[in-house]
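So the chains spell out like this:
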Amino acid sequence: MNPEADSHFQKDIEYHETIGDEYHKVVVDPRSYLNEMLFAPIAKIVKAGDSMLDLGCGTGHMMLRFGRQFRSVTGVDHSPKMIESARVNCGNAGVNAHFQHQNIFDFLAGNNQQFDLVSCVGCLHHLIPETIPEVMEGIARALNSGGLAIMAEPIMVDADDEPAEIARWNQKAMGRLPQYTTAIDEPDEAPIDADLLLGAISAAGLQIEKQSRSWEILPQNMPPSILDQLVIRFFHWRHGSNGIVMAIAASKP
Ligand SMILES: C[S@@+](CC[C@H](N)C(=O)[O-])C[C@H]1O[C@@H](n2cnc3c(N)ncnc32)[C@H](O)[C@@H]1O
């Protein structure tokens, strides 16, 4: 591995080791109501199958979302702490999960298995952008023909594009939601150029089936109150279609 990539990954691992115990409570749970809407069009085309692979599985968000539809689910992550949380979460949810503590590049390079569903969500924007095409080729190789890949990432939008009413609402929510208890520098992550992502998916021979967008819209309470749910639904309906998060489902012909 070249030194730039090595220090990039080391920083990312250190970050996730520090926040791993709290990530689900701070990041996944507050977004779960909104994510139901973001992933709804994609969930309709996920067919139950034998095997699922989740790259950059973190604390198990995608394994929990779709894993029960598969006989066996493999989660890959380079942070042992994130895997530890995912193992507990999947165990509690009855997902038949196995984990590989590995960098996704090493996993994909050595992998011979083919899966019915491969997800890679919230992970690609942690990589050096030039390496995204290589990951998409690995994902395409790891899919059965007829299988489905699911990606969801923040994409580049103009800073002014976030609707002011969402920004104001989120600011209030941030003051009320759980935060990390340890201060640590963010890893090197950045929204992805949508054209780079979509181009890499097509260049890997995958066919885009569904696309969905959303803004980050947080609840003010956990669990979200009825008012939170109504506001999240309303903002998503009004502004979601040009939001910062892009979810994509693509099939292998
Ligand atoms: C923002 S979290 C997303 C986790 C989960 N997929 C989700 O949807 O909540 C990114 C995860 O990707 C992992 N990750 C980042 N780069 C990686 C790499 N090169 N190899 C393996 N895991 C990686 C991190 O450790 C972290 O758990």
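Everything below is about the structure shown above.
Conventions and cut-offs
- Residues numbered from 1 in each chain as written.
- Predicted model: local features only at pLDDT ≥ 70, side-chain atom pairs only at ≥ 80, totals over all residues.
- Heavy atoms only, no water.
- Core = buried A, V, L, I, M, F, W, Y, C linked by side-chain atoms within 4.5 Å.
- Buried < 20%, exposed > 50% of the residue type's maximum accessible area, 1.4 Å probe, protein only.
- Helix = DSSP H or I, 4+ residues; strand = E, 2+ residues; numbered from the N terminus.
- Expected span 1.5 Å × (residues − 1).
- Contact = heavy atoms within 4.5 Å.
- Near = heavy atom within 4 Å.
- Polar contact = N/O pair within 3.5 Å; in protein donor to acceptor, adjacent residues only side chain to side chain.
- Areas by Shrake-Rupley, 256 points an atom, 1.4 Å probe, with all protein chains shown as cover.
- Nonpolar A, V, L, I, M, F, W, Y, C, P; charged D, E, K, R; others polar.

Colleague: Before we go on, may I ask you to explain the nonpolar core in this structure?
Modeller: Within soluble globular proteins, side chains that are nonpolar tend to cluster in buried spots. With 37 residues, the main nonpolar core has L55, L124, M136 and I139 as its most contacted residues. Elements that contribute at least two residues to this core include exactly α1 (3-19), β1 (49-55), α5 (104-110), β4 (115-121), α6 (132-141), β5 (143-154), α8 (194-203) and β7 (245-251). The next biggest cluster of nonpolar side chains, apart from the first, holds 25 residues, and it includes M63, F70, V73 and A249.

Colleague: It is not clear to me how helix α9 (residues 226-239) should be interpreted in this structure. Could you clarify?
Modeller: An α-helical turn contains 3.6 residues, so a residue and the one three or four places further along point in the same direction. If you check α9, its first and last C-alpha atoms are 20 Å apart, about what 14 residues at 1.5 Å a residue would give, namely 20 Å. Buried residues in α9 make contact with α2 (23-43), α7 (164-174) and β6 (207-214).

Colleague: What is the right way to read the site of the ligand from this model?
Modeller: Around the ligand sit 20 residues in total, of which G56, H61, D77, I104 and V121 are the nearest. In the model, a nitrogen atom of the ligand is placed 3.2 Å from a nitrogen or oxygen of the H78 main chain. One nitrogen or oxygen atom from the main chain of V121 is found 2.7 Å from a nitrogen atom belonging to the ligand. When the ligand is considered free in solution it has 600 Å² of accessible area, and contact with the protein chains removes 96% of it. For the shell around the ligand, the leading source of residues is α1, giving 3 residues. Tallied by class, the residues present in the shell around the ligand amount to 8 nonpolar, 10 polar and 2 charged.

Colleague: Which parts of the structure should I look at to understand the environment of I132?
Modeller: Topologically, I132 is positioned in helix α6. By relative accessible area, which is 1% here, I132 ends up buried. C-alpha separation for the pair I132 and A200, spaced 68 residues apart in sequence, amounts to 6.9 Å. Once residues within four sequence positions are removed from consideration, I132 is found in contact with L124, I192, L196, L197 and A200.

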